[in-house]
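# Fold and geometry: a report
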Amino acid sequence: DQQVKQNSPSLSVQEGRISILNCDYTNSMFDYFLWYKKYPAEGPTFLISISSIKDKNEDGRFTVFLNKSAKHLSLHIVPSQPGDSAVYFCAASETGRRALTFGSGTRLQVQP
Amino acid sequence: DTAVSQTPKYLVTQMGNDKSIKCEQNLGHDTMYWYKQDSKKFLKIMFSYNNKELIINETVPNRFSPKSPDKAHLNLHINSLELGDSAVYFCASSPGPVGYGYTFGSGTRLTVV
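Residues numbered from 1 in each chain as written. Chains lettered and ligands numbered in written order. Predicted model: local features only at pLDDT ≥ 70, side-chain atom pairs only at ≥ 80, totals over all residues. Heavy atoms only, no water.

### So, the side chain of Arg63 of chain B
All names here are of chain B. Inclusion rule: Helix and strand assignments follow DSSP, with helices taken as H or I runs no shorter than four residues and strands as E runs no shorter than two, numbered in order from the N terminus. Per-residue accessibility, obtained with a 1.4 Å probe over protein chains only, is compared with the maximum for each type, and a residue is labelled buried under 20%, exposed over 50%, and partly exposed between these values. Contacts are assigned to residue pairs with any non-hydrogen atoms lying within 4.5 Å of each other.
Take Arg63: it is sitting in the loop between β6 (53-57) and β7 (64-70). Note on Arg63: relative accessible area 13%, which makes it buried. Not counting the four nearest positions on each side in its chain, Arg63 is found in contact with His77, Ile78, Asn79, Ser80, Leu81, Glu82 and Asp85.

What follows is the structure, given as structure tokens:
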């Protein structure tokens, strides 16, 4: 029972272009969403988050969009840089529960 | 100075053995977690402690026992290791509300042979 799904295991984009990573969820109780970035042999690092009361949050080159009716969120990286090459995890949480439910990740490769 | 440190980074052991993984955070966070990354790459919550009190205990075999001697430490002890326990185990901490995000350790790759 995967409550958070990242259906694209990998994505390859050219440097300077936009990267769009997608995430779908099934649990209507989720009200906070986060994106994490992970390099090999390291732990995930927090990237950006969004509350369910918003539909967009921006932080520099990173923007997260939330479509509650579709239970879908996406992470946009503009412009993409080779250093962005990593695995990106989508995660979600319910109010009052500090545990996160993670997707399986999308490996992003940015080609120079 | 590492914020969340786990030891060891790699652990290879035989079936039936008992092993421990240690975790320490120097961020002053109140809450600590253990996550397991399985072969399908999903990170799944195992346990969470808030100020030394167990607040989350997911469906995990009772061979797994967390111990929090103080709020800066959360150790994971595993008895009678099985092949299926092979995974990467991540420790994490957070200051409280999930919105601040977690800080993860670099993981412990456990291989049971």
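### So, the sheet that holds β7 of chain B
Each strand in a sheet pairs with another by means of backbone hydrogen bonds, the pair being arranged parallel or else antiparallel. All names here are of chain B. Rules: Pairing between strands is defined by DSSP: at least two bridges between the two strands are required. Only the stretch in contact is used when a helix axis is fitted, and all axes are lines through C-alpha atoms; the angle between N-to-C directions ranges over 0 to 180 degrees.
The antiparallel open sheet is built from four strands, whose spatial order is β1-β3-β8-β7. Each end of this open sheet is capped by a strand with a single partner; those strands are β1 (4-7) and β7. Adjacent strand axes in the sheet meet at a mean angle of 15 degrees, parallel and antiparallel pairs treated alike. Across five bridges, the pairing between β7 and strand β8 (residues 73-78) is antiparallel. Opposite Asp70, over in β8, you have His73 as the bridge partner.

### Things to note about the pattern of salt bridges
Definition in use: Take a side-chain nitrogen of Lys or Arg and a carboxyl oxygen of Asp or Glu: if they are within 4 Å of each other, that pair is a salt bridge.
Under the counting rule described, the total for this entry stands at six salt bridges over all chains. A salt bridge links Glu58 of chain A to Lys56 of chain A; the shortest N-O distance between them is 3.8 Å. Put simply, Asp38 of chain B and Lys44 of chain B hold a salt bridge, and the shortest N to O gap is 3.6 Å. A residue is classified by how much of its surface remains accessible, and Lys44 of chain B, at 42% relative accessible area, is partly exposed. Residues joined in a network through salt bridges with shared partners are Arg63, Glu82 and Asp85 of chain B.

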